[in-house]
Amino acid sequence: MNPNQPIITLRGLKKSYDGVDYVLKGINLDVAPGKVIGYIGPNGAGKTTTVKIMIGMLPQFSGEVKVLGLDIAEHAQDVKKHIGYVPETAALYDTLTPNEYLYFLGQIYEIPKQEIQRRAGDMLSLFGLKDHANSRMNSFSKGMKQKVLIIASMIHDPDILFMDEPLSGLDVNMMLIVKEILAQLAAKGKTIFYCSHVMDVVERVCDRIVIIDKGTIIADGTFDELQAMSKGESLERIFTQLTGASGHERVAQEFISAFKEEKSG
């Protein structure tokens, strides 16, 4: 693929689940290779829907979606060979062990048997799961399952990595490791499409930040560019201002007041 061409292109992307109320209302977006894109928005804004369309999980939509130069509507299977995906909600065959699960995925991607074993062994060891490689995952904590999901998304060395709340359940040290992995992958020319509610992480790891609200992109730029438009505010404050989310202090006060005992007359 031409490195000067977008690796992801969305044109007039719309999606409705009932034919009336649109979750996505005409998304236009170009993503360059080798970038970490932060795609953020309130719950229900359309983030996960956008990702599921780009990876070929939601085939019914209107508009144009190209990934790696291929029309996802016509070439979903070809695209899937070259992308990785960490879903927001863990979806594992958790009666398998990590070794069994990763071997199964490696076979799907037609990776040679010895190479699957080498990659899986190295990655599980680096993520602190060496001693659990042959344990059934139905006994794993959320953080352990999340580590396996992240490894699974990278086992085939994808060109694009789609991540939806990838740090969920991880401890601070593991978060730092994953953030460094993302930075090094981008430096090697990989593209990361990163959805998260953790604003300080998006602020630090993303080259570009796209804010979506009610199915429409409302801001798009580097963190410095977004800051310049908002007089140096943090990403959390910028997000709050643009999406109209306010009254946090009032809601917190009213919540706490529910615990106050009524005074007797």
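See above for the structure.
Being a predicted model, the structure only gives us computed values, none of them experimental.

Each value, and the rule that gives it
Residues numbered from 1 in each chain as written. Predicted model: local features only at pLDDT ≥ 70, side-chain atom pairs only at ≥ 80, totals over all residues. Heavy atoms only, no water. Helix = DSSP H or I, 4+ residues; strand = E, 2+ residues; numbered from the N terminus. Rg over C-alpha atoms; globule rule 2.2 N^0.38 Å. Buried < 20%, exposed > 50% of the residue type's maximum accessible area, 1.4 Å probe, protein only. Contact = heavy atoms within 4.5 Å. Areas by Shrake-Rupley, 256 points an atom, 1.4 Å probe, with all protein chains shown as cover. Expected span 1.5 Å × (residues − 1). Pairing = 2+ DSSP bridges. Axes fitted to C-alpha atoms, helices over the stretch in contact; angles between N-to-C directions. Core = buried A, V, L, I, M, F, W, Y, C linked by side-chain atoms within 4.5 Å.

A.B. asks: How do you make sense of the overall build of the protein when you look at a structure like this?
C.D. replies: Scanning the protein for helices and strands turns up 10 helices and 10 strands. Taking 265 residues into account, the globule formula puts the C-alpha radius of gyration at 18 Å, and the protein, at 20 Å, falls close to it. Counting only C-alpha atoms, the protein reaches 75 × 50 × 40 Å along its principal axes. Residues counted as buried form 43% of the 265 residues belonging to the protein. Considering only contacts in the protein between residues 6 or more positions apart, those separated by 24 or more positions represent 67%. Accessible surface, the protein: about 14,300 Å² in total, of which carbon and sulfur atoms supply 50%.

A.B. asks: Where do I start with helix H5 (residues 142–154) in this structure?
C.D. replies: Because an α-helix completes one turn every 3.6 residues, residues spaced three or four positions apart along the sequence face the same direction. In a regular helix each residue adds 1.5 Å, so 13 residues correspond to 18 Å; H5 covers 19 Å between its end C-alpha atoms and thus fits that length. Burial in H5 covers these residues: Gly143, Met144, Lys145, Gln146, Lys147, Val148, Leu149, Ile150, Ile151, Ala152, Ser153 and Met154. Those residues of H5 hidden inside the fold are in contact with strand S6 (83–86), helix H3 (98–108), helix H4 (113–126), strand S7 (160–164) and helix H6 (172–187).

A.B. asks: Please explain the sheet that holds strand S5 (residues 70–71) as it appears in this structure.
C.D. replies: Think of a sheet as strands paired side by side through backbone hydrogen bonds, with each pair either parallel or antiparallel. Read across the open sheet, the 4 strands follow the order S2-S1-S4-S5; overall the sheet is antiparallel. Two strands close off the open sheet at either side, each with one partner strand: strand S2 (22–31) and S5. As judged from the 2 bridges shared by strand S4 (residues 62–67) and S5, these two strands associate in the antiparallel manner. By the bridge assignment for S5, valine 67 is matched with leucine 70. Here helix H1 (residues 47–54) sits on the sheet in contact with strand S1 (8–16), S2 and S4, set at roughly 120° to S1.

A.B. asks: Can you help me understand the nonpolar core in this one?
C.D. replies: One broad rule of soluble globular proteins: the nonpolar side chains tend to lie buried together. If you look at the biggest cluster of nonpolar residues, it comprises 46 residues, and the most contacted ones within it are Ile40, Tyr101, Ile192, Tyr194, Ile209, Ile211 and Leu235. Examining the composition of this core, we find that 7 residues originate from one element, H5, more than from any other. Sequence-distant contacts of isoleucine 209, that is, excluding residues within four places in its chain, are made with Gly38, Ile40, Val202, Ala219, Asp220, Gly221, Phe223, Leu226 and Leu235. Judged by nonpolar contacts, the second largest core, of 29 residues, contains Ile7, Leu24, Val31 and Phe162.

A.B. asks: What is the right way to look at unusual backbone geometry in this model?
C.D. replies: With the exception of glycine, most residues fall at negative phi, and the peptide bonds are largely trans. With phi around 60°, leucine 68 is a residue other than glycine that occupies positive phi space. Along the polypeptide, leucine 68 turns up in the loop between S4 and S5. The phi dihedral of lysine 214 is positive, around 55°, even though this residue is not glycine. Structurally, the position occupied by lysine 214 is in the loop between strand S9 (208–213) and strand S10 (216–221). Note on lysine 214: relative accessible area 56%, which makes it exposed.

A.B. asks: When you look at the pairing of strand S8 (residues 191–195) in this model, what are you seeing that I'm missing?
C.D. replies: Along a regular strand, successive side chains alternate from one face of the sheet to the other. Here S8 lies mainly inside the structure; 5 of its 5 residues are buried. By the alternation rule, side chains of S8 split into Thr191, Phe193 and Cys195 and Ile192 and Tyr194, which are all buried. The pairing of strand S3 (residues 36–40) with S8 spans 4 bridges and is classified as parallel. Counterpart to valine 36 in the pairing with S8 is isoleucine 192.

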